[in-house]
Amino acid sequence: MDFTVETPAIITFVVYLIAMLAIGLYFYNSSGDLSDYILGGRNLGGGVAALSAGASDMSGWLLLGLPGAMYASGMSAIWIAVGLTLGAYLNWQFVARRLRIYTEVANDALTLPDYLESRFEDRSKALRVISALVILLFFAFYTSSGLVAGAKLFSTVFDMDYTLALWVGGSVIISYTFFGGFLAVSWTDFFQGIMMFCALIIVPIAAIVIIGGWDETTDQVGAIDTSYNSALSGMTLFGIVSLMAWGLGYFGQPHILARFMGIRSAAEVPKARLIGITWMVFGLLGAIATGYAGIAYFSDNPLEDGELVFIALSTLLTNPWVAGFLLAAILAAVMSTVDSQLLVSSSAVTEDFYKPFLRPNASEKELVWVGRVSVIGIALIALLIAGDPDSRVLALVSYAWGGFGAAFGPVVILSLFWRRMTRNGALAGIIVGAVTVVVWKQLEGGIFEMYEILPGFVLCALTVVVVSLMSEPPESVKETFDRAERQWT
Amino acid sequence: MESSLTTATWFWLLVPMLGCVALSLITYFKDR
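Not measured: the values here are computed from a predicted model. (Residues numbered from 1 in each chain as written. Chains lettered and ligands numbered in written order. Predicted model: local features only at pLDDT ≥ 70, side-chain atom pairs only at ≥ 80, totals over all residues. Heavy atoms only, no water.)

Take the overall build of chain B next. A count of helices and strands for chain B gives one helix and zero strands. Each principal axis of the C-alpha atoms in chain B carries an extent, and together these give about 50 × 10 × 10 Å. Within chain B, the fraction of its 32 residues that count as buried is 34%. (Helix = DSSP H or I, 4+ residues; strand = E, 2+ residues; numbered from the N terminus. Buried < 20%, exposed > 50% of the residue type's maximum accessible area, 1.4 Å probe, protein only.)

Attention now moves to the side chain of Glu117(A). All names here are of chain A. Relative to the assigned elements, Glu117 resides in helix α6 (residues 112–119). Judged by its relative accessible area of 12%, Glu117 is buried. Contact partners of Glu117, with chain neighbours within four places excluded, come to Asp122, Lys125, Leu127 and Arg128. (Contact = heavy atoms within 4.5 Å.)

In this complex, chain A contributes 31 residues to the contact, which on the side of chain B involves 23 residues. Here chain A packs against chain B, burying approximately 2200 Å² in sum over the two surfaces, 77% of which is carbon and sulfur. One can count four residue pairs in polar contact (both at pLDDT 80 or more) joining chain A with chain B. Elements supplying a minimum of two residues to the side of chain A that touches chain B: α5 (79–105), α9 (214–224) and α12 (269–297) of chain A. It is α12(A) that contributes the most residues to the side of chain A that touches chain B, twelve residues altogether. Along the lines of polarity and charge, the residues of the side of chain A that touches chain B split into 20 nonpolar, eight polar and three charged. (Buried area = accessible area lost by both parts, 1.4 Å probe. Polar contact = N/O pair within 3.5 Å; in protein donor to acceptor, adjacent residues only side chain to side chain. Nonpolar A, V, L, I, M, F, W, Y, C, P; charged D, E, K, R; others polar.)

Residues and elements named next belong to chain A. Contact geometry for helix α8 (residues 162–211) and helix α15 (residues 364–385): axes closest at 9 Å, N-to-C directions at 165 degrees. Considering the angle they form, α8 stands roughly antiparallel to α15. Considering the relative orientation of α8 and α15, their crossing is right-handed. Contacts between α8 and α15 involve Leu166, Trp167, Gly170, Ile174, Thr177, Phe178 and Phe179 on the former and, on the latter, Trp369, Arg372, Val373, Val375, Ile376, Ala379, Leu380 and Leu383. Residue composition of the contact of α8 with α15, by class: twelve nonpolar, two polar and one charged. (Axes fitted to C-alpha atoms, helices over the stretch in contact; angles between N-to-C directions. Parallel < 35°, antiparallel > 145°, perpendicular 65-115°, else oblique. Left-handed = near helix turned anticlockwise from the far one by under 90°.)

Bringing the confidence of the model for chain B into the picture now. Scored by pLDDT, chain B has a mean of 90; 94% of the residues are at 70 or more. Interface confidence for the predicted complex, given as ipTM, is 0.95, next to a pTM of 0.94. (pLDDT = per-residue confidence, 0-100.)

What follows covers helix α19 (residues 475–488) of chain A. Residue and element names in this part refer to chain A. In a regular helix each residue adds 1.5 Å, so 14 residues correspond to 20 Å; α19 covers 20 Å between its end C-alpha atoms and thus fits that length. Every buried residue belonging to α19 is among Val477, Lys478, Thr480, Phe481, Ala484 and Trp488, and all of these are buried. The buried residues of α19 occupy one face: seen down the axis, they fall within an arc of 160 degrees. Those residues of α19 that are exposed and angled more than 90 degrees off the buried face are Glu475 and Arg486. Of the surrounding elements, those touching the buried residues of α19 are α5, α6 and α16 (397–417). (Expected span 1.5 Å × (residues − 1). Arc of directions from axis to C-beta.)

A separate point is the environment of Thr217(A). Residues and elements named next belong to chain A. In this structure, Thr217 sits in helix α9. Through-space distance from the C-alpha of Thr217 to that of Tyr297 is 8.3 Å; in sequence the pair is 80 residues apart. Each residue touching Thr217, except ones within four places of it in the same chain, is listed here: Ile208, Ile211, Tyr292, Ala293 and Ala296.

Structure below.
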């Protein structure tokens, strides 16, 4: 299918990019110390924390991958979305508030590795180094896969050179993250989250109205193949569990957990949870409806690439100004994920390597600049990996999501709920979780077809428990836990 | 031919998703 992009769409697009840069510059002077730069001085309001957590989480998958899967297989593609919703809700319900409180009680920790080190009073720095290495390794691929997806899309839609698209998008993200740090990333994510939400409401409603209403849409889809109307058709329990297991990933995603740590106070969490979950549920339902309506809309002239169903409907249904906004929303989805990942990687370099190992006495101003330079360095590495549009980096998203979920998920949850957990338990759990994901991915057939996050998560949790029970945590570690617990209850 | 989403599909799509929104709403008012 040929997409004609008119001048108004390009103007809307450029306005969007300039607005993002302006937000970055606006927050340039807000970063006095490293805590400001990598965690916004823990001053996010509930609404911004909620939408920035959602927008950081949901990448181009929400507007391309999920509608594409719906378009290809109908309602049997809903299971990942259902699993993700449950995972995100449980994360907000059980992890957000406790993590916000504990990271402050535990030596005012700014990063996940920092928190783990303080939580277990690990003087060997092993926990900090291993977890920071896991973060840098998985994010290198995760971030560059986001860049590849964004650049591929725009080289197709705007008939633009791939490398040019990659570097234009990359420069805008680098610029606002470089200047404005966490506040710029969170506020751009906030606006990008609103754009994504509006786009996912407008497109499916417009499509369903044009088709002739909801009943007509389900009739037309059912006439093509009745199995499109059933979530259970062709599915096994094994398959459903494996898809829903994506939801387990939430507990270990450093870029999402950073939003919990940056929220203004634990009292803001209920409001943030309500806004975040509502945003996510209606966004997912919109994405599901988009792909589903696409089955009916394009029944006579099927799309070659189902992942372009959102774009095809945007450009066909609406006037060029609105189409420009809808296309910008896809870029917003990509950028809001990449920027958060860049910043977390930069904080790992600054807070977990530079400060503890190279310059323990560095001034705050120096650390902020190291953070900024790290953003550029990491972005360049991600851009270089993304340089080849045919590389298989896109396939690594599920790998990175699973890696974080299995390595950190059980460790984060147990560290917040189990007083008796030890440093060795955490360290062994992270290693077992990460290794299980890597090994499981290489094996094929039978049980190994299951998404690797599930065995990784279970083995990590078991390892934490067994290894922790082999020794006793120091009294001071238990006392800190008790101090945090008094604030939880 | 007339067809629509199966009951199981409506159930598995809406109960977990809207259930999470409802629980967030309840805990929001409870925790305030």
